[in-house]
Amino acid sequence: MTFARFAGPTKAAAVTLTVDGQRIAARDGDTVATALLAAGRQAIRCSAVTGEPRAPYCQMGVCFECLVEIDGVADRQACLVPVRNGMVVATQQGEG
């Protein structure tokens, strides 16, 4: 399954963040999870138990499938954190 934004005009300002060393564009008001999905990142962490790829699921902070490191702080829920220009995100492999 591919995540796609609604087509049409937007008044949201462009924001740039770095994910695993790669710069990606996002929109002001996006969460980190939304920005990652819109950039084509389907899996953003690996399970600590099985190593299987995991992706954002609930998008409201209940499932904890979207844990990433943000600006050096591990185990942040990407679906709850709004993007900001210059943010540095690292995907997590297993536990943070």
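Just above sits the structure.
Conventions and cut-offs
- Residues numbered from 1 in each chain as written.
- Predicted model: local features only at pLDDT ≥ 70, side-chain atom pairs only at ≥ 80, totals over all residues.
- Heavy atoms only, no water.
- Helix = DSSP H or I, 4+ residues; strand = E, 2+ residues; numbered from the N terminus.
- Rg over C-alpha atoms; globule rule 2.2 N^0.38 Å.
- Buried < 20%, exposed > 50% of the residue type's maximum accessible area, 1.4 Å probe, protein only.
- Contact = heavy atoms within 4.5 Å.
- Areas by Shrake-Rupley, 256 points an atom, 1.4 Å probe, with all protein chains shown as cover.
- Lys, Arg positive; Asp, Glu negative; His and termini not counted.
- Charge placed at Lys NZ, Arg CZ, Asp CG, Glu CD.
- Pairing = 2+ DSSP bridges.

Q: Mind showing me how you'd approach the overall build of the chain here?
A: Looking only at helices and strands, the chain features 1 helix and 7 strands. Relative to the compact-globule value of 12 Å for 96 residues, the chain shows a C-alpha radius of gyration of 13 Å, a close match. For the C-alpha atoms alone, the extent of the chain along its principal axes is close to 40 × 30 × 20 Å. Across the 96 residues that make up the chain, the buried fraction comes to 35%. Taking as baseline every contact in the chain between residues at least 6 positions apart, the subset at least 24 positions apart corresponds to 38%. Counting every atom, the chain has about 5,900 Å² of accessible surface; 53% of that belongs to carbon and sulfur. The averaged location of the 9 negative side-chain charges in the chain is 9 Å from the averaged location of its 9 positive side-chain charges.

Q: Please clarify how the environment of Ala90 should be interpreted in this entry.
A: Checked against the element boundaries, Ala90 lands in strand E7 (residues 88–93). In this structure Ala90 touches Asp20, Val68 and Glu69, once residues within four positions along its chain are discounted.

Q: When you look at the environment of Arg54 in this model, what are you seeing that I'm missing?
A: Structurally, Arg54 can be placed in strand E4 (residues 53–54). The partly exposed category is assigned to Arg54, whose relative accessible area is 31%. Through-space distance from the C-alpha of Arg54 to that of Val89 is 16 Å; in sequence the pair is 35 residues apart. Sequence-distant contacts of Arg54, defined by excluding residues within four places in its chain, comprise Gln42, Ala43, Ile44, Arg45, Cys46, Ser47 and Glu65.

Q: How should the pairing of strand E1 (residues 14–19) be read in this particular structure?
A: The side chains of a regular strand alternate between the sheet's two faces. Burial along E1 is one-sided: Val15, Leu17 and Val19 are buried, and none of Ala14, Thr16 and Thr18, which face the opposite way, are. In the sheet, E1 pairs with strand E2 (residues 22–27) via 6 bridges, with the strands oriented antiparallel. The residue of E2 that forms the bridge with Val19 is Gln22. Hairpin geometry of E1 and E2 is characterised by an intervening segment of 2 residues between the two adjacent antiparallel strands and by a positive phi of about 50° at Asp20.

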